Structures are given as structure tokens and as C-alpha cells.
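The lines below spell out each chain.
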Amino acid sequence: MKITIGHLYPDLLNLYGDSGNLRCLQKRLEWRGIQAEIHSFTAGDPVDFGHMDLVLLGGGSDREQALACGYLKELRHDFKEFVENDGVVLAICGGYQLLGKYYQSEHATLEGLNILDIYTTWQSKRLVHNIVIHNPIFKAPVAGFENHGGRTHIGSYRPFGKVLAGYGNTEDSGREGVIYKNVIGTYLHGPLLSKNPQVCDYLLSQALKRKYGEPIPLSPLPDELEYRANHDMTRHSIAGYNNCQIIKSLSRRRGTASKRK
Amino acid sequence: MGLKERLAIACAKLANRMIRMTTHKKGGTFPGCLARLIKPDILPVLCDMFHGKVIVTMGTNGKTTVNNILYRTLSAEGKKVLSNSTGANMLNGITTTFVLGADTKGNLDFDYACIEVDELAASQVLPLLRPNCVLLTNIFRDQLDRFGDIDTVLCKIKEALFTVPEAQLIINCDDSLLAALAVLCPNPVVTYGINEQIFDNASRPPALENIFCRICGEKLEYDFFHYGQLGCYHCPGCGWERPRPDFAATAISLNQQGYSFDLNGSHIDSCTDYPYNIYNILSACTALRTMGISTEKSARIINTLDYGNHREGHFLINGSHVQLHLVKNPVGLQQKISLLHRDSTPKDIIFQINDRFQDGIDLSWLWDVDLEYLKTSHISSVTAVGKRRHDMALRLKYDDIPCVCAKSLKQSVWNLSLYGTGNIYIIVNYSGLLPANILLEKLQHKTRRLS
């Protein structure tokens, strides 16, 4: 078995160790004896989406994002087709914003790829925080770090998760990221997949299912360290918050941790 | 000087004395903070009273070292120098330096002030200091949770430089970001750089960033890289290229004592074998020469300087050689990885990773470092301690490097010093530095007493 992963523009869109996501995907395939073929496309390279099972798009500064957008426009048509054909995409921060209609930044309005009907506006207050979100697909809370000036409005799309601590798409929507078909767009750095192996495995199973036409069970891996790191962060980011729901979710989380032992 | 100013100075001095008496440490930023509470514009007042020349050092890595080289060299030349050599480089820290340097009447009897300034504090501090010379070492990705992204930092520095258009700007022209910034600023510019390739592969991070032309947006082409985005670059789009350095290090060689090199006709022997210190020496010497300061004695100073300034320490515990290193960002960690890689003797490594405010609460930068080189660095064991030890262990796991998590640095060092390879590297981030220094001093003392 083999999964082909395309990493778009690591030379432009790689803030906050987002390339670490690639390493997580690759390792978790290899540890299970599944081959991982990696293609890193630098700006200007032609991309053949037909050969891709999974596409990664990282975040960048406003300037780099504008440059990346220029290059990505040429791929727009193929990229959209890939998404509509259930292609698996993980887009972080700047990459997430680029999937939308536009990103109205401090200085200019940047036209997006228009793959999703979402848009982003900029505000001077940056949303910087450790963030914990909850999505029923995943047993444990998803933890990461957010740092963005953009506020993304996802309309009627499903969010990636409900915010337990931190900000998310906007300060007050209580929703983080977006899920559309097999696309996950999110503000979570960390890198996201390192501390959330369940999200990593979710992406991998979707990619395998799409490629081989049937669900392929992934063998369990010893993820204690991943969940400990996740727990360090959830515990830290909850400090200062007084929300019963968070505490409840945390105790649920502790429950799963002790079961793992 | 009004009464309030005098009161502010007196209180700050008193506070400093009390802190020193009770904790045996320097006062840090508190005296300055106190002085500003009493007289909010105490720093501008003192800056007006200062009649010497001011050299400001900024940049992501190396500013404390460069500032110390300047301070030591100028002092050796017999000048009276005011300096924030401990690295307290925000508004309160700089105020502390000035308040404690002043006499009770507010007079500052100094020939020079060597001040390192945090990039984010620059636009606030530079117009007050009115420096004669601003030195920029490099700009790398650092503490993004505090700085935002690199463009924000560059923007802040540019803003600050526009407030002091007469100041002589000294830049590392191997850094394309700084070279592009200098073009936009009104200041007169002097450049320095390294003309030959001396850094090994292990010094370079895996993913290159900031390698797109700041003028036309085309991807830059490099003849060679040093590390980070530093190197010899040119733009195939608009023809913009690395400026020819006014001061260049050439004929660089590494011998027993450390690196030696030629700098515009004079020879420099350093006692450091860390290649990044060539940049630090180079920038300090460029500043001194540009300002027309005699550097007759500086060669001797550079030969005997302690480049570590408590950020790199050597200890002997139970017969084991223990080294302490500070890392703050991916470029810094990559440099340390290269250091480990060059040491061919077996070694134990301890990483202490915290996420306090000073460290930056975000640790994703650990994933921007190529740890692959550790596999061929003769490592006997890796231990992770600190508040975010699991993050470090996790990072290592995804490079297939086994790592043990432990709660106590003290216990880990002690055990390894007794049962390990006898060659221990401790790599800490900022908040762990001072406690680790104190701890290792204590352990060293304890073994001396036991033997």
C-alpha cells in the first residue's frame, strides 16, 4: 500500500513547524508498513493533483501568503477538482485562509482560491493562545497553538471543532476551522498532527479509503507520548479558564489516558 | 533635574541595593520599573543628560554577545562605558541601566553607551537613545507568539530607524532581510559579511525560509548558504544582489585555539570555536572601526573574551564534563546540533524545555530543526526535562531518536555524571538558564567538597 503526499510550497508556507505535520503523516504510515511517497513542490512547480492522495498547505506571513496565492492561482482549477473528488487536504492558518474567497488583510484584499465559500477579514488584535477544541469524531480534545490576525467566517460549513479554550475562527463564534468533504482547514499549529495523532490517523484513513475504495483499518500505535504532550497543553491552556464543560471534557480525557495505561 | 527625577533615581538605587543584598543577584528590570513609576519619563530625561556616544545592537541572535564584545573592548581602551550587558533589553531594563549608571544628581559620566535593544521595544526606545550607530546582527524566526511573524519585526525595526535617520546603520549583508531593509531606510549604511562558506551542513535548518526577493518577490538564488537565510544571494528576477560587504571576514581557519580570520587587512585570532561567533566579532569590529574608535587593544580582548556570558557554561561534576547551552529559536538550536555533531566523543544530552512567558508559550519551532544529525553524533542517551518535556521527547520520537522523560534536572545530571559517558550537554531554553546555572554551580561545588 502507498499514500502519496503533496506538500505545497514549504519554502513559502511554513510557519510554526507546519512541515512537522508532513513528518507525522509519513512516520505514522511507515510505522504501519505503508509506503509514503512525498512530493515537495516549491513555488512555481507544476502540481499533478491526479497523483496525490493527500495535500498539505501550511501557513505563512501575509507577505508570503500573497506570493503563494499568486502561484496557487494557476493550480486553482485542478485543486478544486481534487477537493470535489474527495481528495484529502490539510490546510493550516494561511493555507486555510487561502482556500476561501478572499482574505482582506491590513493593506490589501487578497483574492483566495475560492475552493470553499468562506472568507477572512483582518483585525489588528492578534488572536494568540494555546487552543483546545472538541470534535465528536475524535475521542480526545484536539490541542494546538493559534496566532492569527484573520477572522474567518465559515457560513454554514461544519467547523473543525468547538472551542473549549482559546479563540478559533473569530473571537466569539466558539467555532474553530472548517470541514468540507475531506478537507480540514484550521488555525491550529503545534504542529497540529504531532499532539493529535487521532487527527493524523483520520486523514490517513480517509486517504486510504479514497484510494483503495474501502475502509482500511489502521493498526494502533503506542501513542502515550503524543497524548501526554497533548495533555500538557490542554492542562496548561485551561488554567485561568473556569468552565465546567472544559473540566468535564478534561476528566473524560484523563479517563481515556488512564485506560491507555 | 527636578525633585521627582532625583527621587526616582534614589529609589531605584536603593531597590537595587536591597535586591542585591537579599538575593545576591543583580536587580534585573525592577529598579527601572520603579523609577518609571515615580517619574514615567525618567529615561528621556537621563538620555538628555547623557553626552557620550550611543551604540545600539539589535537582531535575533547574538546581540548580547556583540554588546559584550563592544563593552569589553571599549572598556579596555580606557573608555567609560555604560551597558546593559546582562541582556535586559526592554524599556524597563534599559531604564534600569541608565538610572543605576547616573549619580544622585542624574549626571551620567560616560564616554559610550552600548545598549542592546529588543526589536519590539525599538520604536519606543531608539528615539530616546538617539544612537550614533545602530547594529543589526540578523533576523530569524523567533518567539512568534510575541513577535507575530518576521515581517512584523522588520516593520517595527524600520519604523524605529525612521525616527533616527542620522544614525549610522551597520548590517550583516549576508542576511537578505537586513540588506533589503537597509535599502528602505534613510540611514547611512555600512555592511559586513563572510565571503567564504564555512558552516557545515548540520548548521543549516532543513526548510529554507525568507528566500524570496523582498523587492520583486522572485525566489532568490544562492551561491552558498551559511545558515538560516544567511548566505551569498542574488535575485534572478530583478537583479538585486547581496551588497559587497565593506568589512569582510576572509581566510577563515579553525585551529586548536579557535577560529582565526582576516578582517580588511588585520588578522584576528579568536578563542571561540563556534562559527557563529565570527559574525559576532565581525559586527562588533565593524561598529568600532566605522565609529573611528582605535582598536589597538581589541585584538587582545577578542582573544581572551568569554563569549558565553553565562549563556554557555562549563562545569565539572563527579569527574564528568558538563556543558550548558541556551537555545531560543530554531536557528540557534540547529547551531547547537551542529556543535554536538562535531564533537566525536560519546555524550549524553539533556534537553530542558519550558514554555514560560520568556520562552514563548509556543514550541512548534522544535519541528523546524533537523535533528537527523543527532543520529550520527555518538549519543549515548537523551533525556528530556522541563514543563514541556513530552513535546521534546515527541519531536525526537518522530526522528526515531529514543529519549527518556524525567522530572528533575538535578537528578538527571547527577545520575549521568556518575554513570554516563562523562561528557554531558545540557540544552535549555530561556527560563531554565539561570536556575540551571545555579544548580550546576552547586553540584560542582558539592563534588569538590566530596572529593
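No experiment lies behind these values; they were computed from the predicted model shown. (Residues numbered from 1 in each chain as written. Chains lettered and ligands numbered in written order. Predicted model: local features only at pLDDT ≥ 70, side-chain atom pairs only at ≥ 80, totals over all residues. Heavy atoms only, no water.)

## Considering the interface of chain B and chain A
Where we set the bar: Any pair of residues with heavy atoms lying within 4.5 Å of one another is described as a contacting pair. Buried area is calculated as the accessible area (1.4 Å probe) missing from two parts once they are joined, with the contributions of both summed. Just to be clear on terms, a salt bridge is a Lys or Arg side-chain nitrogen sitting within 4 Å of an Asp or Glu carboxyl oxygen.
On the chain A side, the residues contacting the 34 residues of chain B number 39 residues. Here chain B packs against chain A, burying approximately 3,200 Å² in sum over the two surfaces, 53% of which is carbon and sulfur. Counting the surface chain B buries against chain A, the share from its top three residues, F212, W367 and Y398 of chain B, is 22%. Linking chain B with chain A are five salt bridges, by the criterion used here. With a shortest N-O distance of 2.6 Å, D391 of chain B and K195 of chain A are connected by a salt bridge.

## What about the packing of helix α1 (residues 20–30) of chain A against helix α6 (residues 197–212) of chain A?
Residue and element names in this part refer to chain A. Definition in use: Where helices are involved, their axes are fitted lines through C-alpha atoms of the stretch in contact, as for all axes, and angles between N-to-C directions lie from 0 to 180°. Comment: elements are numbered from the N terminus, with helices defined as DSSP H or I runs of at least four residues and strands as E runs of at least two. With respect to orientation, any angle under 35 degrees is reported as roughly parallel, any angle over 145 as roughly antiparallel, any angle of 65 to 115 as roughly perpendicular, and every other angle as oblique. The classification used treats Ala, Val, Leu, Ile, Met, Phe, Trp, Tyr, Cys and Pro as nonpolar, Asp, Glu, Lys and Arg as charged, and all other residues, Gly among them, as polar.
At a minimum axis separation of 10 Å, α1 and α6 run at an interaxial angle of 70°. When the axis of α1 is compared with that of α6, the two are roughly perpendicular. Between α1 and α6, the contacting residues are C24, L25, R28 and L29 on the first element and P197, C200, D201 and L204 on the second. A breakdown of the residues in the contact of α1 with α6 according to their chemical character gives six nonpolar, no polar and two charged.

## Notes on a positive patch on the surface
All names here are of chain B. Short version of the rule: Exposure above 30% relative accessible area and the lack of any salt bridge qualify a residue for a patch; like charges then connect within 9 Å, and the nonpolar side chains Val, Leu, Ile, Met, Phe, Trp and Tyr within 5 Å. Surface exposure here means Shrake-Rupley accessible area, sampled with a 1.4 Å probe, where a residue is shielded only by the protein chains that are shown. Neither His nor the chain ends is counted toward charge; the positive residues are Lys and Arg and the negative residues Asp and Glu. Here the site of a charge means atom NZ of a Lys, CZ of an Arg, CG of an Asp or CD of a Glu. Only protein chains enter the calculation, and the probe is 1.4 Å; a residue is then buried if its accessible area is under 20% of its type maximum, exposed if over 50%, and partly exposed in between.
A cluster of basic residues, K410, K442, K446 and R449, forms a positive patch at the surface. Looking at the positive patch, the element that brings in the most residues is helix α15 (residues 430–450), giving three residues. Along the polypeptide, K446 turns up in helix α15. Of the residues examined, K446 reaches a relative accessible area of 31% and is grouped as partly exposed.

## Topic: unusual backbone geometry
Residues and elements named next belong to chain A. Here the bond from G190 into P191 is cis, since omega is -15°, no more than 30 degrees from zero. Residue placement: P191 occurs in the loop between β12 (183–186) and α5 (192–195). Non-glycine residue N114 carries a positive phi angle of around 60°. When its relative accessible area of 31% is taken as the criterion, N114 is described as partly exposed. Here K181, not a glycine, exhibits a phi torsion of approximately 50°, which is positive. Relative to the assigned elements, K181 resides in the loop between β11 (178–180) and β12. Judged by relative accessible area, which is 37%, K181 ranks as partly exposed.

## Section: the nonpolar core
In plain terms, the rule: We define the nonpolar core as a collection of buried residues of types Ala, Val, Leu, Ile, Met, Phe, Trp, Tyr and Cys that are connected through side-chain atoms lying within 4.5 Å of one another.
If you look at the biggest cluster of nonpolar residues, it comprises 103 residues, and the most contacted ones within it are F79 of chain A together with F351 of chain B. Looking at which element gives the most residues to this core, the answer is α6 of chain A, with seven residues. Excluding anything up to four places from it in sequence, F79 of chain A contacts L8, F49, V55, L57, V89, L99, L113 and I115 of chain A. Counting residues in each nonpolar core, the second largest holds 50 residues, with F50, L91, L126 and A167 of chain B among its members.

## Quick word on the pattern of salt bridges
Counted under the stated rule, the structure contains 30 salt bridges over all chains. One salt bridge connects R130 of chain B with D48 of chain B, and the closest N-O pair in it is separated by 3.1 Å. In this pair, R130 of chain B is assigned in the loop between α6 (122–129) and β4 (133–136) and D48 of chain B in helix α3 (residues 42–49), connecting sequence segments 82 residues apart. Classification of R130 of chain B by relative accessible area gives partly exposed; the value is 48%. Among the charged side chains, a salt-bridge network with shared partners connects R28, R32, D201, D223 and E226 of chain A together with K397 of chain B.

## A few points about the pairing of strand β7 (residues 119–134) of chain A
All names here are of chain A. Put simply, the rule reads: Following DSSP output, two strands are said to pair if at least two bridges run between them.
Of the strand pairs in this sheet, strand β5 (residues 102–104) and β7 are connected by two bridges, and their pairing is parallel. Note on β7: the bridge partner recorded for Q104 is T121. Direction of pairing for β7 relative to strand β8 (residues 142–153): antiparallel, over a ladder of eleven bridges. From the neighbouring strand, V132 faces β8, where its bridge partner is A143. When β7 meets strand β9 (residues 161–165), the two strands line up antiparallel, connected through three bridges. Along β9, the bridge assignment pairs I133 with V163.

## What to know about the layout of surface pockets
Basically, it comes down to this: A pocket here means an open set of points on a 1 Å grid, computed over the protein atoms alone, that has protein on both sides within 12 Å along at least five of seven lines. A cavity is instead a set of points where a 1.4 Å probe fits but cannot get out; residues with an atom within 4 Å of a point line either one. Grid points are joined across faces, edges and corners, and a volume is the space filled by probe spheres set on the points.
Of the volumes computed, that of the second largest pocket is approximately 1,000 Å³. For the second largest pocket, the lining is made up of 38 residues, of which D62 and H107 of chain A together with D151, T152 and C155 of chain B are closest to its centre. Counting residues per element, the ones that place at least two in the lining of the second largest pocket are α2 (62–73), α4 (94–98), β7 and β8 of chain A together with α8 (150–163) and α9 (176–184) of chain B. Among the elements that line the lining of the second largest pocket, the one with the most residues is α8 of chain B, at seven residues. For the lining of the second largest pocket, a count of residues per class yields 15 nonpolar, 13 polar and ten charged.

## Remarks on the confidence of the model for chain A
Where we set the bar: The predictor attaches a confidence to each residue, called pLDDT, with possible values from 0 through 100.
This prediction gives chain A a mean pLDDT of 88; 90% of its residues lie at or above 70. Every residue in residues 240–261 of chain A scores below 50 in pLDDT, and together they form 24 contacts with partners more than four places removed in sequence or on other chains.

## As for the sheet that holds strand β4 (residues 88–92) of chain A
All names here are of chain A. Here we have six strands laid out as an open sheet, ordered β2-β1-β3-β4-β12-β11, and mixed in their pairing. Looking at which strands have only one partner, the edges of the open sheet turn out to be β2 (35–41) and β11. Between one strand axis and the next, the sheet turns through 15° on average, direction left out of account.

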